[in-house]
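What follows is each chain in one-letter form.
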Amino acid sequence: MITVDKLGYTYPETARPVLREIDLNVPSGQFLGVVGPSGAGKTTLAQALAGYIPHVLGGEVTGRVEIGGLHVVDTPLPDLVTRVGMVSQNPFNQISGAKFTVAEELAFGLENLGVPRQDMLIAVREVLRRLRIEHLAERSPYELSGGQQQLVALGAMLVMNPDVLVLDEPTSQLDPAGSRLVFEALGELRSRDITVVLIEHKIERLAEFADRVVVLVDGELRMDGPPGTVLAAPELVEWGIGHTRFTTAAVRAGGRWPSGAALPVTLDQALAGFGGAR
Ligand SMILES: Nc1ncnc2c1ncn2[C@@H]1O[C@H](COP(=O)(O)OP(=O)(O)OP(=O)(O)O)[C@@H](O)[C@H]1O
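Reading the values: rules and limits
- Residues numbered from 1 in each chain as written.
- Predicted model: local features only at pLDDT ≥ 70, side-chain atom pairs only at ≥ 80, totals over all residues.
- Heavy atoms only, no water.
- UniProt positions renumbered as here; feature names shortened; annotations may be inferred.
- Helix = DSSP H or I, 4+ residues; strand = E, 2+ residues; numbered from the N terminus.
- Rg over C-alpha atoms; globule rule 2.2 N^0.38 Å.
- Buried < 20%, exposed > 50% of the residue type's maximum accessible area, 1.4 Å probe, protein only.
- Contact = heavy atoms within 4.5 Å.
- Areas by Shrake-Rupley, 256 points an atom, 1.4 Å probe, with all protein chains shown as cover.
- Lys, Arg positive; Asp, Glu negative; His and termini not counted.
- Charge placed at Lys NZ, Arg CZ, Asp CG, Glu CD.

The protein carries the name ABC transporter ATP-binding protein in an unreviewed UniProt entry, which gives Kutzneria albida DSM 43870 as its organism. In its Sequence similarities (unreviewed entry) section, UniProt records this for the protein: "Belongs to the ABC transporter superfamily."

(A) How the structure looks around the overall build of the protein. Within the protein, the secondary structure is distributed over twelve helices and ten strands. What you see for the protein is a C-alpha radius of gyration of 20 Å, in line with the 19 Å of a compact globule of 278 residues. For the protein, the C-alpha atoms occupy an extent of roughly 60 × 45 × 30 Å along the three principal directions. Relative to its full complement of 278 residues, the protein shows a buried share of 49%. In the protein, the share of contacts with a sequence separation of at least 24, taken over all contacts with a separation of at least 6, comes to 62%. Surface summary for the protein: the accessible area is close to 12,900 Å², and the carbon and sulfur share equals 52%. Between the averaged position of the 24 positive side-chain charges in the protein and that of its 33 negative side-chain charges there is a distance of 6 Å.

(B) Representation of the UniProt feature "domain: ABC transporter" (unreviewed entry) in the protein. In this structure's numbering, the residues bearing the UniProt feature "domain: ABC transporter" (unreviewed entry) are residues 2-243. Helix makes up 34% of residues 2-243 and strand 24%, and the two end C-alpha atoms of the span are 28 Å apart.

The structure is reproduced here in structure tokens:
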């Protein structure tokens, strides 16, 4: 569970806060999507949730961020990493550099925690299977494509079984099939009560998989609600985020979209609406 209370943040050596008065409660097991235009503060928010802010990046934090009851500012990073995992935009930066194979890389975090070898092997095998990367197990993490590295970076977090997983565009380098696989794997985390915060430009995927979506604009949370409501809001166009193809089609269809029906954000909703209009 995540509790954010009036969070504000200013980077070191800058004057203007990039996060302002953010209030956000995310219950255990919820899949939250975060959208917003470039420069809105999404990555900064992710870093504040994962404790990189202020523990690595410094700067000035106001308000509170709590992860599972731990106050992030007061908790040393090594204590936070067992609770919250972060997959950053650039998977290459997440490779430890200490290991020769993908399987060893995935085991690295558990090894540091002193998890018995047999349990470690079972956990690594399970993650390799879930992300369908068994064939990469003996490869060097440095030889992989960007998309494959994204899967390994995600696997390295999944294997730790954190309470909260924060992901910053984890599928940006993946093909559609790989991207779907990641969204499905994240969707399954609900049943393990893991909270997922996903920053994502692919809003069609969020429409399909997220329980809730928040919109960050210029460091402020401007909208918060179910994907069907938030992603169809007219303001998203004005803010440069845009709509899904299904919403756009219904808007452009004019009178052919049933009057009074909510605009669709997924393919199924669009088919149901247009089918009903026939
Ligand atoms: N290390 C830093 N020092 C100073 N300012 C920074 C730093 N990192 C980011 N910023 C500024 O903070 C603001 C928010 O940046 P952030 O990367 O969080 O936005 P974003 O919504 O993730 O954007 P994008 O979608 O382009 O990744 C921007 O104005 C950016 O220039």
